[in-house]
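The residues making up each chain are set out below.
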Amino acid sequence: MIKKQLALYCVSSAFACLVATNLYAAGTTSTAADTEEWVDLFNGKDLSNWSPKVRGYPLGENALDTFRVKDGIMQIRYDKYDEFGGKFGHIFSNAGPFSYYKIQVEYRFVGDQVKGGPDWAYRNNGIMFHTQDPKTMTVEQDFPGCMEYQLLGGNGKDARSTGNLCTPGSQVVINGELRKDHCMNSTSDTFHGDQWVTAELVVHGSKLAQHIINGKKVFEYNDLQWDDGKPMEGGYIALQAETAPTDFRKVRILNLEGCMDKKAKNYKSYFVKDNPKVCKF
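**Student:** How do you make sense of the overall build of the protein when you look at a structure like this?
**Tutor:** Broken down by element type, the protein carries 2 helices and 19 strands. Residues counted as buried form 47% of the 281 residues belonging to the protein. Contacts spanning at least 24 positions in sequence make up 66% of the contacts within the protein whose residues lie at least 6 apart. Accessible surface, the protein as shown: approximately 14000 Å² in total, 51% of it carbon and sulfur.

Right, dumping it as structure tokens:
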């Protein structure tokens, strides 16, 4: 309909036609620039783009079928374990590393904790980000060096926040204060039972991270760094297997680094980190 009206308008005035056409094109470009280009890290079919790492086993070995896919859901399961035995696990996305990005994950806790799991790990999982290269992990390493966006489920009665922060091998600044606490609680609600929860993470290199639960910001911190003070500019992404059966039905990422030249074909209005080398004209 818009194109038809534009054509009729062009009959009466060549100059008006030129102006209107430019405005129409500008509107189209603006819309394209604002359209977020999310990428699914989990394809809903298999684990072909992921690498498991379970303590005591080499990278790539899916010990005791801990990670699996069923009905479009990535599952963390312990039905083939006699007991936990300290087999902390992670499954790393083969994409990356990433530095400036958003992550969106939909998760839920299901079933009972595996026998022998520590009390603190009850309904406990996490999105590990800015992680060390998984190829550098030792066979007996419990957790990668990283920042952990901690996911927790309620026990049916007590308050227990999710979207918390844990810092294996790392530290952050909150309100101008260097914090070396291993775990710090968010301001989120408690989610009891087996309900789905949407966790979002916004990361700007080492400068800023925000945790968002069901659309509500629940945690923010700055100056992401390793224990030695070196800035954590980026890294890999992993999901945990920490004794609690867990489902993930969506894991996707939005790159926030790219061409910020408005004249480029691949300009995006939501980029926060400029990379002129990728501009296309």
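On we go from here.
**Student:** I keep staring at the environment of valine 54 and nothing clicks. Help me out?
**Tutor:** Along the polypeptide, valine 54 turns up in strand β2 (residues 50-54). Residue classification places valine 54 among the buried positions, given a relative accessible area of 0%. Along the primary structure valine 54 and aspartate 142 are separated by 88 residues, whereas in three dimensions their C-alpha atoms are 8.1 Å apart. Residues within four places of valine 54 in sequence aside, it is in contact with Glu61, Ala63, Thr66, Phe67, Tyr81, Lys87, Phe88, Gly89 and Val139.

**Student:** Could you clarify how one ought to interpret the side chain of glutamate 242 in this entry?
**Tutor:** Tracing the backbone through its elements, the reader meets glutamate 242 in the loop between β16 (236-241) and β17 (246-255). Buried charge without a partner: glutamate 242 forms no salt bridge, and the closest opposite charge is arginine 160, 8.1 Å away. Residue contacts for glutamate 242: discarding those within four places in its chain leaves Tyr78, Phe88, Trp120, Ala121, Asn124, Asn125, Phe143 and Glu148.

**Student:** Mind showing me how you'd approach the sheet that holds strand β8 (residues 147-152) here?
**Tutor:** By way of backbone hydrogen bonds, the strands of a sheet pair with one another, either parallel or antiparallel. Here 7 strands make up an open sheet; going across it, the order is β2-β5-β16-β7-β8-β9-β12 and the pairing antiparallel. Two strands lie at the open edges of the sheet, namely β2 and β12 (183-184), each paired on one side alone. With 4 bridges joining them, strand β5 (residues 89-93) and β16 adopt antiparallel strand pairing. If you follow phenylalanine 92 over to β16, its bridge partner there is alanine 238.

**Student:** Even after reading the chapter, I still don't get the pattern of salt bridges, so can you show me in this structure?
**Tutor:** Opposite charge on two side chains allows them to pair when their charged atoms are near. Counting across every chain of the model gives 13 salt bridges. Residue arginine 55 pairs with glutamate 140 through a salt bridge whose shortest N-O separation is 3.7 Å. Within this pair, whereas arginine 55 is found in the loop between β2 and β3 (67-70), its partner glutamate 140 is found in the loop between β7 (124-131) and β8, the two being separated by 85 residues in sequence. Arginine 55 sits in the partly exposed class, given a relative accessible area of 29%. Note that arginine 249 and glutamate 106 form a salt bridge whose closest N and O atoms lie 2.6 Å from each other.

**Student:** Help me out: how do you make sense of the packing of aromatic side chains in this one?
**Tutor:** How two aromatic rings sit relative to each other is given by the distance of their centres and the angle of their planes. If you walk through the whole model with that rule in mind, you get 9 aromatic pairs. Between the aromatic rings of phenylalanine 88 and phenylalanine 143, the centroid separation amounts to 5.0 Å while the plane-to-plane angle is 45 degrees, which identifies the pairing as tilted. Taken together, the positions of phenylalanine 88 in the loop between β4 (73-76) and β5 and phenylalanine 143 in the loop between β7 and β8 put the pair 55 residues apart, joining distant regions of the chain. Centroid distance tyrosine 107 to phenylalanine 109: 5.8 Å. Interplanar angle 75 degrees. Geometry classified as edge-to-face. Side by side, tyrosine 107 and phenylalanine 109 carry an identical accessibility label, which is buried. A connected cluster of aromatic rings, assembled from ring pairs, spans Tyr78, Tyr81, Phe84, Phe88, Trp120 and Phe143.

**Student:** I keep staring at the environment of threonine 187 and nothing clicks. Help me out?
**Tutor:** Inspection of the secondary structure assignment puts threonine 187 in the loop between β12 and β13 (197-204). The exposure class assigned to threonine 187 is exposed, which follows from its relative accessible area of 54%. Residues threonine 187 and isoleucine 213, spaced 26 residues apart in sequence, show a C-alpha to C-alpha distance of 9.7 Å.

**Student:** What is the right way to read the state of the cysteines from this model?
**Tutor:** Two cysteines, two sulfur atoms, one covalent bond between them: this is a disulfide. Summed over the entire model, instances satisfying the criterion amount to 2 disulfides. For cysteine 166, the disulfide goes to cysteine 183, at an S-S distance of 2.0 Å. Residues cysteine 166 and cysteine 183 share a disulfide whose torsion about the S-S bond is about 105 degrees; that sign makes it right-handed. Note that cysteine 166 is positioned in strand β9 (residues 164-166) and cysteine 183 in strand β12, a separation of 17 residues in sequence. Exposure remark for cysteine 166: the relative accessible area of 2% places this residue in the buried category. We classify cysteine 183 as partly exposed; its relative accessible area is 37%. Here cysteine 259 engages in a disulfide with cysteine 279; their sulfurs sit 2.0 Å apart. Its S-S torsion of approximately 95 degrees makes the covalent link between cysteine 259 and cysteine 279 right-handed. Taken together, the positions of cysteine 259 in the loop between β18 (257-258) and β19 (273-274) and cysteine 279 in the segment after β19 put the pair 20 residues apart, joining distant regions of the chain. As far as the burial class goes, cysteine 259 and cysteine 279 line up, both buried. Cysteine 146 carries a free sulfur, and the closest cysteine sulfur to it, the one in cysteine 166, is 9.2 Å from it.

Cut-offs applied
Residues numbered from 1 in each chain as written. Predicted model: local features only at pLDDT ≥ 70, side-chain atom pairs only at ≥ 80, totals over all residues. Heavy atoms only, no water. Helix = DSSP H or I, 4+ residues; strand = E, 2+ residues; numbered from the N terminus. Buried < 20%, exposed > 50% of the residue type's maximum accessible area, 1.4 Å probe, protein only. Contact = heavy atoms within 4.5 Å. Areas by Shrake-Rupley, 256 points an atom, 1.4 Å probe, with all protein chains shown as cover. Lys, Arg positive; Asp, Glu negative; His and termini not counted. Salt bridge = Lys/Arg side-chain N within 4 Å of Asp/Glu carboxyl O. Pairing = 2+ DSSP bridges. Phe/Tyr/Trp six-rings, centres within 6.5 Å; stacked < 30°, edge-to-face > 60°. Disulfide = S-S within 2.5 Å.

Nothing here speaks to function; it is geometry throughout.
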